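Residues per chain, in single letters:
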Amino acid sequence: CSTFPYNERMGDYLRSTGRETIASRADDFAENLRADDGAEYDEIIEINLDELIPHVNGPFTPDLASPIDQLGKNAKENGWPL
């Protein structure tokens, strides 16, 4: 399980995507939307964001993920809308 503490930027995102009610509720409970003090984890996984390759999902189902640098080629090969 991972914990990403709720913060103002998350609230901004929720509001910008039409989820004002959820953002408002999260704002009310923000102090509880974080790791417990002194929490210990079985394993800590560190991710180097510089090594990640962006992907785009779809077009027809979320399990069709294409690395961004192959999206055009995959679209042409599969007749996906461009």
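See the structure printed just above.
To keep things clear, this report deals only with the structure shown in the data block. Since this is a predicted model, take the numbers as computed values, not measurements. Counting restarts for each chain, with residues numbered from 1 along the sequence as it is written. Thresholds applied to this predicted model are a pLDDT of at least 70 for local features of residues and 80 or more for the giving and counting of side-chain atom pairs; totals over whole chains, interfaces and linings are not thresholded and use all residues. Only heavy atoms go into the side-chain values, all of them from the structure, while hydrogens and water stay out.

A helix here means a DSSP run of H or I that spans at least four residues, while a strand means a run of E at least two residues long, and both kinds are numbered starting from the N terminus. When you go through the protein residue by residue, the secondary structure sums to three helices and two strands. Its helices and strands taken in sequence order, the protein reads α-α-β-β-α from the N to the C terminus. Here the protein has a C-alpha radius of gyration of 18 Å; the compact-globule value for 82 residues is 12 Å, and the former is much larger. Seen along its three principal axes, the alpha-carbon backbone of the protein occupies a region of about 50 × 35 × 20 Å. The contact criterion used is simple: two residues touch if any of their non-hydrogen atoms lie within 4.5 Å. The contacts in the protein between residues at least 6 apart in sequence include a share of 14% that link residues at least 24 apart. Working note: accessible area of the protein is about 7300 Å², and carbon and sulfur atoms make up 51% of it. His is not counted, nor are the chain ends, whereas Lys and Arg count as positive and Asp and Glu as negative. Charged groups are reduced to one reference atom each: NZ for lysine, CZ for arginine, CG for aspartic acid, CD for glutamic acid. Charge-centre separation for the protein: the mean point of 7 positive side chains lies 10 Å from the mean point of 17 negative side chains. Here the globule rule reads 2.2 Å times residues to the power 0.38, and the radius of gyration is calculated from C-alpha atoms. All accessible areas in this document rest on Shrake-Rupley with a 1.4 Å probe, and a residue is counted as covered only by the protein chains that are shown.

So, on to the pattern of salt bridges. Definition used for salt bridges: Asp or Glu carboxyl oxygen within 4 Å of a side-chain nitrogen of Lys or Arg. Summed over the entire model, instances satisfying the criterion amount to three salt bridges. For the salt bridge of Asp27 with Arg15, the shortest nitrogen-to-oxygen distance reads 2.2 Å. Taken as a pair, Asp27 in helix H2 (residues 20-28) and Arg15 in helix H1 (residues 8-16) lie far apart in primary sequence, 12 residues in all. The salt bridge involving Arg34 is made with Asp37; its shortest N-O contact spans 3.5 Å. Arg34 gets classed as partly exposed once you look at its relative accessible area, which sits at 41%. A simple rule labels every residue: compare its accessible area, found with a 1.4 Å probe on the protein chains alone, to the largest value its type can have, and call it buried under 20%, exposed over 50%, or partly exposed in between.

Packed helix pairs are characterised by how far apart their axes lie and by the angle those axes make with each other. Fitted lines through C-alpha atoms serve as axes, helices being fitted only where they are in contact, and the angles separating the N-to-C directions of these axes extend from 0 to 180 degrees. Between H1 and H2, the least distance of the axes is 7 Å, while the angle of their chain directions is 160°. Relative to H2, the element H1 is oriented roughly antiparallel. The two elements H1 and H2 cross, and the hand of that crossing is left-handed. Along the contact surface, H1 presents Gly11, Leu14 and Arg15, while H2 presents Glu20, Ile22, Ala23, Ser24 and Asp27. Residues belonging to the contact of H1 with H2 are distributed by class as follows: three nonpolar, two polar and three charged. Here the angle decides the label: under 35 degrees means roughly parallel, over 145 means roughly antiparallel, 65 to 115 means roughly perpendicular, and every other value means oblique. In a left-handed crossing the near helix is turned counterclockwise from the far helix by less than a right angle, and in a right-handed crossing that turn is clockwise. Put simply, Ala, Val, Leu, Ile, Met, Phe, Trp, Tyr, Cys and Pro go in the nonpolar bin, Asp, Glu, Lys and Arg in the charged bin, and everything else, Gly too, in the polar bin.

Attention now goes to a nonpolar patch on the surface. Patches in this entry comprise residues that are over 30% relatively accessible and not in a salt bridge; like charges within 9 Å are linked, as are nonpolar side chains (Val, Leu, Ile, Met, Phe, Trp, Tyr) within 5 Å. On the surface, a nonpolar cluster with roughly 470 Å² of combined accessible area is contributed by Ile45, Ile47, Leu49 and Leu52. On the secondary structure map, Leu52 appears in the loop between H2 and strand E1 (55-57).

Here Asn74 lies in helix H3 (residues 71-78). Filtering out sequence-adjacent residues up to four positions away, Asn74 remains in contact with Ser66 and Trp80.

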